[in-house]
Amino acid sequence: MSFTFEQARLAAVAEQLLGLAKKAGATDAKVQLSTGQGLSINMRQGRLRARREEAHNSVNLTVYRGQCQGSTQSTDFSNTSLAEMVKAACAIATHTAADPCAGLADAELMCRAPQNLQIYHPWDVTTEQAQIIAQRIEAGLSDLGGNVESDSATVGAFQMHSFLANSHGFARGYAQSRHSLGATALAGSGNSRHLGYWSSQARSSELLESPEQVGTKAGKKALGYLNDRPLQTGRYRVLFDPHMAIGLLGDIVAGTSGRALFTQSSYLRDRVGTQIMADHLSLREDPFVLGGMASVPFDDDGICGQQRAVVKNGTLQSYFLSTYAGRRLGMASTGNASGPYNLSLSSEHTRADDDFNAMLARLGDGLLVTQLNGEGTQLLNGNYSRTAKGFWVENGVIVHPVSGITIAGNLNDMLCDVIAVGSDIHTQGSFSSGSMLISKMQIGGR
Amino acid sequence: MNETNAPDNLALASQKLLVPSGIDVNDLRKTLDQVMTHQVDFADLYLQSIRRESWSLENSQVKAGSFSVDQGFGLRASELDQTAFAYSQQITRKRLSNAAASVRSIAGKGSSARIGMPQQRIITCPSYGTHDPLAASSAAANVALLEQVERYARNADPRVTHVSATLELTHEVIMVMRHDGRLAADVRPLVLMFVRVIVQQNGKRETATGGLGGRNGFWHFEADKLPNEVTRIVNSALTNLEAVQAPSGELPVVLASGWPGMLLHEAMGHGFEGDFNRMGSSVYSSKMGEAVAASGVTIYDDATVQGARGSLNIDDEGEPGQRTALIENGVLRNYMQDDLNARLMKQRPTGNGRRQSYAHLPMPRMTNTFMEPGKYAPEEIIASVKRGVYLEDLGSGEVDIVSGQFCFQSALAWLIEDGKLTAPIRGATLTGSGPETLRQISMVGNDLRLDRGLAVCGKAGQRVPVSVGQPTLKIDNLLVGGTAR
């Protein structure tokens, strides 16, 4: 395993670009570089559908002429290309309007002592080894009988170096890795067929779920949807499983992120200090979870994230802001120029024994939602309307699967109507949550 | 524009992709030769350069502009249904040779089929010119155009509180050589203006989006198309200020012409892609020659529409762009194929082999997909509905291939009561089963239109520009996911 460019080369390219930019008349400049390397395979029923070798480089330059900015991206690190990048970025900066919020983050905010977050565990997996793992994923699925088959088993290993430098003299890099196993299972036949998905992601290959388990979970998901029955249009209590609860957290992050706020396109604008969720809920952010999928030492502006409560007892404490977004809103950066860090939702009512079955019992009669489709969240006003799949539950017991239904409400009402969060916590990417019980929502069906 | 005098794309592509690296067509052939020393059925080498300029206006000023260059090659080798793929952003002899050594291991050593002199594939009837929209415009003109958009929106109504707009100019050059020596190249312009407005009245805010785009030069934005489009967007947002709760449950739905053709793209288009049908995972697998839609329904995938966003002179495997009948008078006639799936299914390629970039593998993908017009006037179709929904504009959509269940979001919709549009309704998801919905098309309008040229289709993580279209359509029964009890 080797990178196209080593960390030292990235640092040298960054220095060269900053020098060229200065010479070309830029008052300030910022360079972001990355070089990545990986292998992914996609197997279907023992056949290697695709083996793909990754080798990706990118260089991104932003120049400031006073308050005017221009940027260029390239994949070519050659001297000619770097000179062209500087020329193009400076040319753009002569045509953009002066923006009082543009510019580097203040020098004193730069991350001084980046932590080692243990996010780099390169996995030098060979094609042959990856194929064996994919076969094990499919084996986990084939143990479930003849009514379900593998639609795809994937194995991915990816590692990258990033480097950030700016004309404040900040110049730091770090390495990270992301590995994954995934399975898609196809159950049923004829006109009643369903897909089931499962995936596991980790910074270290040793922390991935066992391949057989990934296959089995996907297979069970697909099988669970067979013999689905329609549901009558009406208002029902709803339990979002942890995956779907995580989807709601994604909507909250989108609605409290800089761009949505300063373009006035989020219903959560101007809501700091007000209640945005039920008062037993809190949402905590932690950039420093060792080995966390969303742990990184600093953001694209060179600023560290913070361990903080974004929502405390239902009240919004702060947003997800880059330096630029912060200036637009008259606030400080929260170190989120590269997005959210590890986030977890919790309820002060959750007890250790509030596992999934306990949550089903609390649902009583209603709908368990296990899949949502469509981009049906309108951040501007919180309107929520999506296609759903799941299970009809009576007296806390799953009665039958349901598909082809719609679920609708308003994000603000839904979050304020959360009755309970389970202890069945699942972590996916940046987010962790247990299942989420919501009072009634409108379900469209037959 | 004189389209008949298209310059030689191969010469242009060599100049862009090979000359700067000091390599020539012989080096490409040698790379493929090296791959073919193993028992490989198929190999191809794809080179691409994409230059893109993007400018955006927000809060009344053009504050950000960016320019990007992305180039590289992707080399693939296949043995039956198994494929190995490697790519690099350095188009050099060394990287080509490394990639060849890597991908050929998909098959054992053995055959050493040498390839002949490349036969060139000349584009005789191009669907777009070779113009470079970046060269044809200037920074000042780009900024001025965006500022113009802001003025159109502000002048349209005082309730407009926010305008954002992005102008994107792209120039793509590709070259592809296959193991048997076939060589082809294409030069593809693509322009796009995306506009979003927010309006406010009595503390209530609504938004609408739209824009224009296509495989054209910068002149695509000239004349009054742009002011008309911006006015339409502002009116949509204002209409949504009055929106009432959407109904919940199954109802007759009338879809307007143009962008609502996304219904076809989702409800059937993906289901007709060769890969899903070869593997038997599409709900339309083994339905060839059967009636899958109401009679009178004819649907094409047509890469040859002049200047349309999904048009292709050649696909990313060098097959000429084509017009393929998917459904003729209700009967399933063709799947959309790339080389691999056509070969394995023993069908002919249909010029639908597309990839997001050199770093991605080709797959069967749609180009411009639309339904042929029927006989009804749009007003007649609306008038035929007692209680239902009229969808004037949509957001995004998606489909589950194996069940055919699709969904999309309404962006501008109305209640139909006694044949009349009575009240705008809030955004809602609409869902149905593709095969059932195709059979429930009961009226087809006479007003076929393509969308405005903004569509992006995502499949297996790869995004490509496409276009959709349809005349006004009536579907007897679709599930509307509103909040009204």
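Everything numeric here is computed off the predicted structure, so don't read it as measured data. (Residues numbered from 1 in each chain as written. Chains lettered and ligands numbered in written order. Predicted model: local features only at pLDDT ≥ 70, side-chain atom pairs only at ≥ 80, totals over all residues. Heavy atoms only, no water.)

### Considering the overall build of chain A
Part 1 of the argument: When helices and strands are counted, chain A shows nine helices and 18 strands.
Part 2 of the argument: Taking 446 residues into account, the globule formula puts the C-alpha radius of gyration at 22 Å, and chain A, at 24 Å, falls close to it.
Part 3 of the argument: For chain A, the spread of C-alpha atoms along the principal axes amounts to about 70 × 55 × 35 Å.
Part 4 of the argument: Long-range pairs, those at least 24 residues apart, make up 72% of the contacts in chain A with a sequence separation of at least 6. (Helix = DSSP H or I, 4+ residues; strand = E, 2+ residues; numbered from the N terminus. Rg over C-alpha atoms; globule rule 2.2 N^0.38 Å. Contact = heavy atoms within 4.5 Å.)

### Let's talk about the overall build of chain B
Part 1 of the argument: Counting secondary structure elements, chain B contains 11 helices and 24 strands.
Part 2 of the argument: Overall, chain B is about 70 × 55 × 40 Å in size when its C-alpha atoms are taken along their principal axes.
Part 3 of the argument: A total of 485 residues make up chain B; the buried ones form 64% of that total.
Part 4 of the argument: Relative to all contacts within chain B whose residues are 6 or more apart in sequence, the contacts with residues 24 or more apart total 76%.
Part 5 of the argument: Element-wise, carbon and sulfur atoms account for 48% of the exposed surface of chain B, whose accessible area totals about 16600 Å².
Part 6 of the argument: Between the averaged position of the 49 positive side-chain charges in chain B and that of its 52 negative side-chain charges there is a distance of 3 Å. (Buried < 20%, exposed > 50% of the residue type's maximum accessible area, 1.4 Å probe, protein only. Areas by Shrake-Rupley, 256 points an atom, 1.4 Å probe, with all protein chains shown as cover. Lys, Arg positive; Asp, Glu negative; His and termini not counted. Charge placed at Lys NZ, Arg CZ, Asp CG, Glu CD.)

### Quick word on helix α1 (residues 7-23) of chain A
A turn of α-helix holds 3.6 residues, and therefore any two residues three or four places apart point the same way.
Residues and elements named next belong to chain A.
Part 1 of the argument: With 17 residues, α1 should cover 24 Å at 1.5 Å per step; its first-to-last C-alpha distance of 25 Å lies within 8% of that length.
Part 2 of the argument: Buried within α1 we find Leu10, Val13, Ala14, Leu17, Leu18 and Ala21. Burial along α1 is one-sided: seen end-on, the buried residues are contained in an arc of 135°. For α1, the exposed residues set more than 90 degrees away from the buried face come down to Ala8, Glu15, Lys22 and Lys23.
Part 3 of the argument: Along its buried surface, α1 packs onto β1 (28-44), β2 (47-65), α2 (79-93) and β4 (148-166).
Part 4 of the argument: A positive backbone phi angle near 105° is found at Gly25, which sits one or two residues after α1. (Expected span 1.5 Å × (residues − 1). Arc of directions from axis to C-beta.)

### A short note on the interface of chain A and chain B
Part 1 of the argument: Contact residues are listed per partner, giving 66 residues for chain A and 73 residues for chain B.
Part 2 of the argument: Taking both partners together, chain A and chain B bury about 5600 Å²; carbon and sulfur atoms supply 44% of that area.
Part 3 of the argument: Counting the surface chain A buries against chain B, the share from its top three residues, Arg47(A), Arg51(A) and Arg193(A), is 12%.
Part 4 of the argument: For Glu250(B), the salt bridge goes to Arg446(A), with nearest N and O atoms at 3.1 Å.
Part 5 of the argument: There are 37 residue pairs in polar contact (both at pLDDT 80 or more) connecting chain A and chain B.
Part 6 of the argument: Of the strand pairs in this sheet, β2(A) and strand β3 (residues 82-88) of chain B are connected by three bridges, and their pairing is parallel. From the neighbouring strand, Glu53(A) faces β3(B), where its bridge partner is Ala86(B). (Buried area = accessible area lost by both parts, 1.4 Å probe. Salt bridge = Lys/Arg side-chain N within 4 Å of Asp/Glu carboxyl O. Polar contact = N/O pair within 3.5 Å; in protein donor to acceptor, adjacent residues only side chain to side chain. Pairing = 2+ DSSP bridges.)

### Observations regarding the pairing of β4(A)
Residue and element names in this part refer to chain A.
Part 1 of the argument: The buried fraction of β4 amounts to 16 of the 19 residues, a majority that puts the element mostly inside the structure.
Part 2 of the argument: Across 14 bridges, β1 lies against β4 in antiparallel orientation. Looking at β4, one finds that Lys30 is bridged to Asn166.
Part 3 of the argument: The pairing of β4 with strand β5 (residues 171-189) spans 17 bridges and is classified as antiparallel. Bridged to Val155 within β5 is Leu181.

### Comments concerning the sheet that holds strand β10 (residues 323-328) of chain B
Residue and element names in this part refer to chain B.
Part 1 of the argument: Ordered in space as β11-β10-β9-β14-β23-β20, the six strands form an open sheet in which the pairing is mixed. Edge strands, defined here as strands with exactly one partner in the open sheet, are β11 (331-332) and β20 (449-450).
Part 2 of the argument: Note: β10 against β11, two bridges, orientation antiparallel. Bridge pairing links Glu328 to Val331 in β11.
Part 3 of the argument: Where helix α7 (residues 262-269) meets the sheet, its contacts fall on β9 (299-302), β10, β14 (368-371) and β23 (467-470), and the angle it forms with β23 comes to roughly 100°. (Axes fitted to C-alpha atoms, helices over the stretch in contact; angles between N-to-C directions.)

### Some words on the confidence of the model for chain B
All names here are of chain B.
Part 1 of the argument: Across chain B, the average pLDDT comes to 93, with 96% of residues at or above 70.
Part 2 of the argument: Under a pLDDT of 50 for its full length, residues 1-6 has, in the predicted model, eight contacts with residues more than four places off or in other chains.
Part 3 of the argument: With pTM at 0.94, the complex prediction returns an ipTM value of 0.93. (pLDDT = per-residue confidence, 0-100.)

### So, the packing of helix α2 (residues 25-35) of chain B against helix α3 (residues 93-103) of chain B
Residue and element names in this part refer to chain B.
Part 1 of the argument: At a minimum axis separation of 8 Å, α2 and α3 run at an interaxial angle of 20°. Of the possible angle classes, the one that applies to α2 and α3 is roughly parallel. Seen along the crossing, α2 lies across α3 with a hand that is right-handed. Residues Asp27, Leu28, Thr31, Gln34 and Val35 of α2 pack against Arg93, Leu96, Ser97, Ala100, Ala101 and Val103 of α3. (Parallel < 35°, antiparallel > 145°, perpendicular 65-115°, else oblique. Left-handed = near helix turned anticlockwise from the far one by under 90°.)

### As for the environment of Gly444(A)
Part 1 of the argument: Looking at the element boundaries, Gly444(A) is found in strand β18 (residues 436-444).
Part 2 of the argument: We classify Gly444(A) as buried; its relative accessible area is 0%.
Part 3 of the argument: Along the sequence, Gly444(A) and Thr233(A) sit 211 residues apart, while their C-alpha atoms lie 4.5 Å from each other.
Part 4 of the argument: What Gly444(A) contacts, discounting residues up to four positions off in sequence, is Thr233(A), Ile405(A), Thr406(A), Ser248(B) and Leu479(B).

### Here we look at the side chain of Arg328(A)
Part 1 of the argument: Note that Arg328(A) resides in helix α7 (residues 323-329).
Part 2 of the argument: Of the polar contacts made by the side chain of Arg328(A), one reaches the side chain of Glu58(B); its length is 2.6 Å.
Part 3 of the argument: In this view, Arg328(A) contacts Cys101(A), Phe262(A), Glu58(B), Asn59(B) and Lys63(B); residues no more than four positions away in its chain are not counted.

### Describing the sheet that holds strand β10 (residues 315-316) of chain A
All names here are of chain A.
Part 1 of the argument: One open sheet holds the six strands; their spatial order is β10-β9-β8-β11-β17-β16, and the pairing between them is mixed. Edge positions in the open sheet fall to β10 and β16 (426-428), since each of these has one partner strand only.
Part 2 of the argument: Across the sheet, helix α5 (residues 242-255) touches β8 (281-286), β11 (342-347), β16 and β17 (431-433), and the angle it forms with β17 is around 130°.

### Some details on α2(A)
Part 1 of the argument: Between its first and last C-alpha atoms α2(A) spans 21 Å; for 15 residues at 1.5 Å apiece the expected length is 21 Å, and the two agree.
Part 2 of the argument: Among the residues of α2(A), Ser81(A), Leu82(A), Met85(A), Val86(A), Ala88(A), Ala89(A), Cys90(A), Ile92(A) and Ala93(A) are the ones counted as buried.
Part 3 of the argument: As for α2(A), its buried residues are in contact with α1, β2 and β3 (68-74) of chain A together with β1 (42-58) and β2 (61-79) of chain B.

### Focus on the environment of Gly364(A)
Part 1 of the argument: With respect to the helices and strands, Gly364(A) occurs in the loop between α8 (356-363) and β12 (366-373).
Part 2 of the argument: If sequence neighbours within four positions are ignored, Gly364(A) has contacts with Val393(A), Glu394(A), Asn395(A) and Gly396(A).

### Some thoughts on the packing of helix α5 (residues 139-156) of chain B against helix α6 (residues 225-241) of chain B
Residues and elements named next belong to chain B.
Part 1 of the argument: Two elements in contact, α5 and α6, have axes whose closest approach is 9 Å; the angle formed by their N-to-C orientations is 45°. Overall, the two elements α5 and α6 adopt an arrangement that is oblique. Here α5 and α6 pass one another in a crossing that is right-handed. Taken together, the residues of α6 that come into contact with α5 (itself represented by Leu145, Val149, Tyr152, Ala153 and Ala156) are Leu226, Pro227, Val230 and Val234.
Part 2 of the argument: Class assignment of the residues belonging to the contact of α5 with α6 gives a composition of nine nonpolar, no polar and no charged. (Nonpolar A, V, L, I, M, F, W, Y, C, P; charged D, E, K, R; others polar.)

### What about the pairing of strand β24 (residues 473-481) of chain B?
Residue and element names in this part refer to chain B.
Part 1 of the argument: The buried count for β24 comes to seven of nine residues, which makes it a mostly enclosed element.
Part 2 of the argument: Across seven bridges, strand β8 (residues 248-255) lies against β24 in antiparallel orientation. Bridge pairing in β24 links Val254 to Lys474.
Part 3 of the argument: Relative to β24, strand β18 (residues 429-433) runs antiparallel, the two being bridged by three bridges. Looking at β24, one finds that Thr431 is bridged to Leu479.

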